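Read off the chains here:
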Amino acid sequence: MHHYLTLLKKDLTQEFRTKEMLTSMGIYALLVLVVFGAALAQTASGFDILQMSGGLLWVLIVFTSLLGLNRSFAHEKENGCLEGVLLIPLDRSVIFLAKATSNLLFLFAVEVVTVPLFYFFFLTTTTPAASFWMIVAPLIVGTVGIAGIGTLLSTITINTRGRDVMLAVLFIPLVYPLLYACVSATTAAIIGSEGFMDVFAPALLLAGGYDIIMVLLSWVLYDFVISA
Amino acid sequence: MNPVLTEIYSTVLQAAPYVIGAYALIFLVLFVYVFIIMRGLKKTEQQMAVLEELLAEAGGAHK
Amino acid sequence: MNDTKKAVRLPEAGGMWDKAAPFALLAGALLATLGFILTFTTAPLVLGATVNGVELIGDQMVSNKLLLSQKIFYFHVPVAIASMLALAFTAYYGVRFLMTKEARFDTCAKTATETALVFIICTMVSGELWTRFEWGVWWTWEPRLTTYLILMLLVIAYFILRNAIDDPERRASYAAVFGIITFVDVPICFMITRMIPSSVHPVVFRTDSGMSPDMLVPFLICFFGMILIAFGLYRLRFRQARLAERVALIKEHLED
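Below, the structure is looked at part by part. The numbering scheme is per chain: residues are counted from 1 as the chain's sequence reads. As a convention, the first chain written is A and the first ligand written is 1, with the rest following in written order. Restriction of local features to residues with pLDDT of at least 70 applies here, the model being predicted, together with a cutoff of 80 or more for giving and counting side-chain atom pairs; totals for whole chains, interfaces and linings are based on all residues. Note: side-chain values were computed over all heavy atoms of the structure, leaving out hydrogens and water.

With that settled, the discussion passes to the overall build of chain B. Labels follow the DSSP assignment, with helices taken as runs of H or I lasting at least four residues and strands as runs of E lasting at least two, numbered in each case from the N terminus. Regarding its fold elements, chain B presents two helices and zero strands. Looking at the 63 residues of chain B, the share that counts as buried comes to 29%. If you sum the accessible surface of chain B, you get close to 4400 Å²; carbon and sulfur atoms cover 70% of it. Residue exposure (1.4 Å probe, protein chains only): buried if accessible area is under 20% of the type maximum, exposed if over 50%, otherwise partly exposed. Per-residue accessibility takes into account occlusion by the displayed protein chains alone, with areas from the Shrake-Rupley method and a 1.4 Å probe.

Now the structure itself:
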């Protein structure tokens, strides 16, 4: 437990000293929103953006997460921290938990900024349903899953050629079920039509199931990945 | 043919090319794979022959 | 001290399994052909939409359209199951590699994944043609097609990953881990896309539940035929891979 907190604090302090990763993720998210703006430029005035907004939001999150996951391990590799940490006799899975938690916290921080930004850019012209605040649940569940499996995959890809693209190639198909579930839940909450709970509840439950299975699996397999 | 029979069998002729195509393509894919394996095998056997020659030369030179 | 370590039996080419392999391949091909013939002769056509009026065909009163397109299932489903079985072997050999660190298991895993890829391509191709006929479109985001697309992407990603790493042990470890994750992910993907009710696209599938014995027999024959073909192809590829490995080893020794 003590190791876990120490490793976590190390990651967080390093980040707060430079704020490099948070700012680059934040700017990247803003740029993706701008691209969305261009993509939706020619849509008719009666266009129902509410139906697409759940999906667009998650596109934003996935791409920003890919950037963040890549950067978080790039630090370690460049400065040789990883070898240093491996010298300490601790259970390798603790490294996984610490790294996953720090990735999770960074992603949450970025989401806190980008979701209101997304609302500002795209959703002020329409009125989302009263259940809009419920998107917090799929956001949390989805981000936990992304952080968990992303940490495992970025540990694998940091040592391969073409690391950024490699991470995307491995990450996106694996995360697809989670993405599907979270987009369904988010869209259902944003539209909030009659019986949206029929979609929201099972989607959230399934996303939670995905999280549990995948994070557990990543935790167990992490040992084999980090010592290789 | 009486009209009911024609209607009962109405989709069959339209479906036929797709069904035949599906089966044919599956067999094609499997055959292509066998072909690829065979090509790899031939290449490896050629390499084996080269090595045997080298070994024979090395053995002959030592003698 | 080392004698007390239990020797791990490594899968090798040219043993009992390999002697069985050509027969398996032949048997599989025969069974598949038999199944193919049977589907088009004895298996009854599946009923489609109802028709006004009734006719006496064979010895039954038929009042629905008879569909030929369902025949694709007789090969499509066995090929799909064969690909999942091959993937299960990838995960199994991955686990054994991680436990023992023996390179032989990595070769087995790689061969199993190749077999899986071949059968996935077969599934996608036959599924694609079925979709085109049934729904009149080339693609729809329905659970089965989507899951198979993701599976295909994952298996391709497996091979891309293998190509991107040079160190053999690291490559084998990472591939094993990814193989295990893939095998766990595919059922999850299928369940999630199936179980979330979609507000836009109707989730319609024609599952082959409750097949009459007339249909079951050709189906089972095709199924066993495909499994045997898969097994035969796997052993053949494994044999070739082992031979190539041994040649490379000899080359290394000769260069010393």
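Next comes the rest of the write-up.
Right, let's talk about the overall build of chain C for a bit. Each helix and strand in chain C was counted, giving six helices and two strands. Starting at the N terminus, the α and β elements of chain C follow one another as α-β-β-α-α-α-α-α. The burial tally for chain C puts 48% of its 256 residues in the buried class. Should any heavy atoms of two residues lie within 4.5 Å, those residues are considered in contact. Sequence separation of 24 or more characterises 76% of the internal contacts of chain C that already satisfy a separation of 6 or more.

Before going further, it helps to spend a moment on empty space enclosed by the protein. Unoccupied space between atoms shows up once a probe the size of one water molecule is rolled over them. Residues and elements named next belong to chain C. In this analysis, the protein atoms alone were mapped onto a 1 Å grid. Cavities are point sets where a 1.4 Å probe fits without being able to get out; pockets are open sets with protein on both sides within 12 Å along at least five of seven lines; lining residues have an atom within 4 Å of a point. Grid points are joined across faces, edges and corners, and a volume is the space filled by probe spheres set on the points. Under the criterion given, the structure shown has five cavities of 30 Å³ or more. Approximately 110 Å³ is the volume attributed to the largest cavity. Listing elements by their share of the lining of the largest cavity, those giving two or more residues are helix H3 (103-135) and helix H4 (143-164). For the lining of the largest cavity, the leading source of residues is H3, giving five residues. Lys, Arg, Asp and Glu make up the charged group, whereas Ala, Val, Leu, Ile, Met, Phe, Trp, Tyr, Cys and Pro make up the nonpolar group; the residues left over, Gly among them, are polar. Within the lining of the largest cavity, the residues separate by chemical class into four nonpolar, four polar and two charged.

Two side chains with opposite charge may pair up if their charged atoms get near one another. All names here are of chain C. For salt bridges, the criterion is a side-chain nitrogen of Lys or Arg within 4 Å of an Asp or Glu carboxyl oxygen. By the definition in use, this model includes four salt bridges over all chains. Put simply, Glu114 and Arg237 hold a salt bridge, and the shortest N to O gap is 2.6 Å. Here Glu114 is found in helix H3, whereas its partner Arg237 is found in helix H6 (residues 213-255), with 123 residues between them in sequence. Assigned by exposure class, Glu114 and Arg237 land together as buried.

This paragraph deals with the interface of chain A and chain C. The partner chain C presents 31 residues to the 31 residues of chain A that form the contact. Here chain A packs against chain C, burying approximately 2900 Å² in sum over the two surfaces, 80% of which is carbon and sulfur. When two parts are put together, the accessible area they lose, computed with a 1.4 Å probe and summed over both, is reported as buried area. Summed over the three residues of chain A that lose the most area to chain C, namely Arg161, Tyr176 and Leu206 of chain A, the buried surface amounts to 19% of that side. Counting the contacts that link chain A with chain C gives one salt bridge. As used in this structure description, the phrase polar contact means that two N or O atoms lie within 3.5 Å; if the pair is within protein, one of them must be able to donate a hydrogen and the other to accept it, and residues adjacent in sequence are counted only when both atoms belong to side chains. Applying the counting criterion to the chain A and chain C interface returns three residue pairs in polar contact (both at pLDDT 80 or more).

Along the chain, Thr182 of chain C falls in helix H5 (residues 168-195). In contact with Thr182 of chain C, not counting residues within four places along its chain, are Leu174 of chain A together with Leu87, Leu151 and Leu154 of chain C.

Residues and elements named next belong to chain A. Comment: axis = line fitted to C-alpha atoms, over the contacting stretch for helices; angle = value between 0 and 180 degrees taken between N-to-C directions. Two elements in contact, helix H2 (residues 20-39) and helix H3 (residues 49-79), have axes separated by 10 Å at closest approach and are oriented at 150 degrees. Classified by the interaxial angle, the pair formed by H2 and H3 is roughly antiparallel. Crossing hand, H2 versus H3: right-handed. Taking contact as the criterion, the partners of Glu20, Met21, Ser24, Met25, Tyr28, Ala29, Val32, Leu33 and Phe36 in H2 are, on H3, Leu56, Val59, Leu60, Phe63, Thr64, Leu67, Gly68, Arg71, Ser72 and His75. Each angle is binned into one of four classes, with values under 35 degrees roughly parallel, values over 145 roughly antiparallel, values of 65 to 115 roughly perpendicular, and all other values oblique. Crossing handedness is read from the near helix: turned anticlockwise from the far helix by less than a right angle, it gives a left-handed crossing, and turned clockwise, a right-handed one.

Ring geometry is summarised as follows: Phe, Tyr and Trp rings, the Trp one being its six-membered ring, pair when their centres sit within 6.5 Å, and such pairs are stacked at plane angles under 30 degrees, edge-to-face over 60 and tilted between the two. A complete count under the given rule lists 14 aromatic pairs over all chains for this structure. Taking 5.3 Å as the distance between ring centres and 55 degrees as the angle between the ring planes, the aromatic pair formed by Tyr92 of chain C and Tyr93 of chain C counts as tilted. Here Tyr92 of chain C falls in the partly exposed class, since its relative accessible area comes to 40%. A relative accessible area of 12% means that Tyr93 of chain C is categorised as buried. Cluster of aromatic residues (ring-pair linked, three or more members): Phe36, Phe118, Phe120, Phe121 and Phe122 of chain A.

Residue and element names in this part refer to chain A. Contact geometry for H3 and helix H5 (residues 92-123): axes closest at 9 Å, N-to-C directions at 145 degrees. Between H3 and H5 lies a crossing of right-handed hand. Tallied by class, the residues present in the contact of H3 with H5 amount to 14 nonpolar, six polar and three charged.

This part takes up the nonpolar core. Note on terminology: a nonpolar core comprises buried Ala, Val, Leu, Ile, Met, Phe, Trp, Tyr and Cys residues joined through side-chain atoms within 4.5 Å. Core analysis: the largest hydrophobic core is formed by 119 residues, its most contacted members being Leu153 and Phe171 of chain A together with Phe178 and Ile181 of chain C. In terms of residue count, helix H7 (residues 163-191) of chain A provides more of this core than any other element does, 14 residues in total. Discounting chain neighbours no more than four positions away, the residues touching Leu153 of chain A are Leu167, Leu170, Phe171 and Leu174 of chain A together with Phe178 of chain C. Counting 29 residues, the second-largest nonpolar core is a separate cluster that includes Tyr33 and Ile37 of chain B together with Phe75 and Ala230 of chain C.

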